[in-house]
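# Descriptive analysis of the structure
Each chain, written out:
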Amino acid sequence: MSRMKTFRNLQPRGRTRLRVAAVLAAAVAILIPQASALAQSTYTIKDLGTLPGATSCAAYALSILGEVAGSCTGQDSAFDEVAFSWRDGVMINLGKLSKAHYSRAEGINARGQMVGEGDTGDFRPHPTLYRDGTVIDIDASGGNARGIFITDTGVIVGNYSKGFGNVSSWSAVIWKERPTQPGRFDRLSLQPYPGGDSKVRYGYATAANNNVQVVGWVQNSLFGQMGAFWNNDANHTLALLQPLPGDWTSIAWGMNDMGQAVGESHPPFHSRAVQWSNDAAHTPIELGMIPGDTDSTAMALNNLGQIVGTSSVPNVLTHPVLWDSGAVFDLNAVLDDSGIGWVIAEATAINNAGQIAGFGFHNGQFAAFLMAPVAQ
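Note that the coordinates shown come from a computational prediction; the quantities given were computed from them, not determined experimentally. Position labels on residues start from 1 in each chain and follow its written sequence. A pLDDT threshold of at least 70 governs which residues receive local features in this predicted model, and a stricter bar of 80 or more applies before side-chain atom pairs are shown or counted, although totals over entire chains, interfaces and linings include all residues. Heavy atoms from the whole structure form the basis of all side-chain values; hydrogens and water molecules are not counted.

## Comments concerning the overall build of the protein chain
Going along the chain from the N terminus, every DSSP run of H or I of four or more residues is numbered as a helix, and every run of E of two or more is numbered as a strand. For the protein chain, the helix and strand inventory stands at two helices and 28 strands. The buried share among the 376 residues of the protein chain stands at 57%. Contacts are assigned to residue pairs with any non-hydrogen atoms lying within 4.5 Å of each other. In the protein chain, 47% of the contacts between residues at least 6 apart in sequence involve partners at least 24 apart. Methods summary: accessible areas were calculated by the Shrake-Rupley approach with a probe of 1.4 Å, and residue burial reflects only the protein chains presented. As presented, the protein chain carries roughly 15300 Å² of accessible surface, and 53% of it is formed by carbon and sulfur atoms. Under the scheme applied here, a residue whose accessible area is under 20% of the maximum for its type counts as buried, over 50% as exposed, and between as partly exposed, the area being computed with a 1.4 Å probe on protein chains only.

Shown next, in the form of structure tokens:
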């Protein structure tokens, strides 16, 4: 399913719960495809395990040190979810806010600090910081909000909405901790694209980098939906990430510290994976897809230009893929013997060491994983 269609029809919830639900619903359609004809490094894969009482886990973020953040879910409720971190073979329950039903971690920095979301008993998302064994609600102002990224210096990026249901109330935001008041954060809203009908004008952040550049998308009655790039100047200047020539709309899903972004460009009823260069024009470059597929999406990239995402025939077949050095490789086809029993569903993160995190099926059970390239 195109994420464009998903987010036009639903209140934004970040990428995670919608991705996992879609993968579980389409499990029978995931097949192990053929390997690319080009040479590519092989990878090991590790099952990250589960927390006590959980039945499945998914990994959403990955640090340069190989530490993973995500969430595990039980079988009793769709909201029976708890954030975890994993490092060196140990999975840790990060806990929840007071009276919470759920928690989730979606971003992690090099210091092992994580951000995400959780509720306080009413299922409304609050932006959460997991730091030094504590869970901190960084914005208890009464709206809906979630954290998606944390820089190595502790600046948090996410999204904020004043209330339920109104899509146009969402905005991309930055939270900064007060130097003299640890645990207290100030929120700065990043402006949507100006003009048009204010009732359908909003912005949403999906990724950021250590330079506090932010990407996502903006919606406006003048053009519909377009990828967005908020720069790190004093005004956080917004630039539109244009679709590929002939396409209609675009969404950015990931970026690196070089200011390059990736996502998808939308021709009618399809999606094409795209990388936007870090030149002044943010020039879009098509990444391609597995031969025979009709749609592709790029989700994350590292500073070396390696990109992970999906290539698919919607509702029929999905390939989790790696774009590297101008070629596209199916991740299920580059595993070594440790991959026996695995079917990778989606790669969600890639770090500068080339490690890849995500989720899939291990011996038929939904599981989080960490892949690592095998030394040549």
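## Remarks on the side chain of Ser-85
Secondary-structure assignment places Ser-85 in strand 4 (residues 81-87). Accessibility expressed as a relative area gives 4% for Ser-85, which makes it buried. Sequence-distant contacts of Ser-85, that is, excluding residues within four places in its chain, are made with Glu-67, Val-68, Val-90, Met-91, Ile-92, Leu-94 and Met-114.

## A closer look at the pairing of strand 12 (residues 171-178)
For two strands to be treated as a pair, DSSP must find no fewer than two bridges joining them. Bridge count between strand 11 (residues 156-161) and strand 12: five bridges; the pairing is antiparallel. Residue pairing for strand 12: Asn-159 is matched across the bridge by Ala-172. Of the strand pairs in this sheet, strand 12 and strand 13 (residues 181-189) are connected by six bridges, and their pairing is antiparallel. Its bridge partner lying in strand 13, Lys-176 is registered against Asp-186.

## Let's talk about the environment of Ala-333
Note that Ala-333 resides in the loop between strand 25 (327-330) and strand 26 (342-350). Measuring from C-alpha to C-alpha, the distance between Ala-333 and Val-321 comes to 9.5 Å, with twelve residues separating the pair along the chain.

## Focus: the confidence of the model for the protein chain
For every residue, the predictor states its confidence as a pLDDT score lying anywhere from 0 to 100. Mean pLDDT over the protein chain stands at 88; residues scoring 70 or higher make up 86%. The model gives residues 1-38 a pLDDT under 50, and that stretch makes 100 contacts with residues more than four places away or in other chains.

## A look at the sheet that holds strand 24 (residues 317-324)
Two modes of strand pairing occur in sheets, parallel and antiparallel, and in both the strands are linked by backbone hydrogen bonds. In space, the four strands of this open sheet follow the order 22-23-24-25, with antiparallel pairing throughout. Two strands lie at the open edges of the sheet, namely strand 22 (295-301) and strand 25, each paired on one side alone. Ignoring which end each strand starts from, the neighbouring axes of this sheet average 30 degrees apart. As paired strands, strand 23 (residues 307-313) and strand 24 are joined by seven bridges and run antiparallel to one another. Paired with Ser-311 across the strands is His-319, a residue of strand 24. Every axis corresponds to a line fitted to the C-alpha atoms, with the helix fit spanning only the stretch in contact, and the corresponding angles, defined between N-to-C directions, vary from 0 to 180 degrees.

## As for the pairing of strand 23
Taking burial as the measure, the seven residues of strand 23 include six buried ones, the bulk of the element. Relative to strand 23, strand 22 runs antiparallel, the two sharing six bridges. Considered in strand 23, the bridge of Thr-297 is made with Thr-310. The antiparallel hairpin formed by strand 22 and strand 23 contains five residues in its connecting segment, where Gly-305 sits at a positive phi of about 90 degrees. A loop of three residues connects strand 23 with strand 24, the two strands running antiparallel in sequence, and Asn-315 in this loop sits at a positive phi of about 65 degrees.

## With respect to the state of the cysteines
In plain terms, two cysteine sulfur atoms within 2.5 Å form what is called a disulfide here. Scanning all chains against the criterion turns up one disulfide. Two residues, Cys-57 and Cys-72, share a disulfide whose sulfurs are 1.9 Å apart. Negative torsions about the S-S bond denote left-handed disulfides, and the value of about 100 degrees found for Cys-57 with Cys-72 makes this one right-handed. Linking Cys-57 in strand 2 (residues 56-62) with Cys-72 in strand 3 (residues 68-73), this pair joins segments that are 15 residues apart in sequence. Across the pair, Cys-72 and Cys-57 agree in class, each one buried.

## A word on unusual backbone geometry
Although it is not a glycine, Asp-132 sits at a positive phi angle of roughly 55 degrees. Checked against the element boundaries, Asp-132 lands in the loop between strand 8 (126-131) and strand 9 (134-137). Here His-282, not a glycine, exhibits a phi torsion of approximately 50 degrees, which is positive. Relative to the elements of secondary structure, His-282 occurs in the loop between strand 20 (272-276) and strand 21 (284-286). For His-282, a relative accessible area of 11% puts it in the buried group.

## Brief notes about the side chain of Ser-71
Relative to the assigned elements, Ser-71 resides in strand 3. There is a polar contact of 2.6 Å between the side chain of Ser-71 and the side chain of Glu-81. What Ser-71 contacts, discounting residues up to four positions off in sequence, is Ser-56, Cys-57, Ala-58, Tyr-60, Glu-81, Val-82, Ala-83, Phe-84, Ser-103 and Arg-104. Polar contacts here mean pairs of N or O atoms no more than 3.5 Å apart (in protein, one a potential hydrogen donor and the other a potential acceptor; neighbouring residues in sequence count only if both atoms are side-chain atoms).

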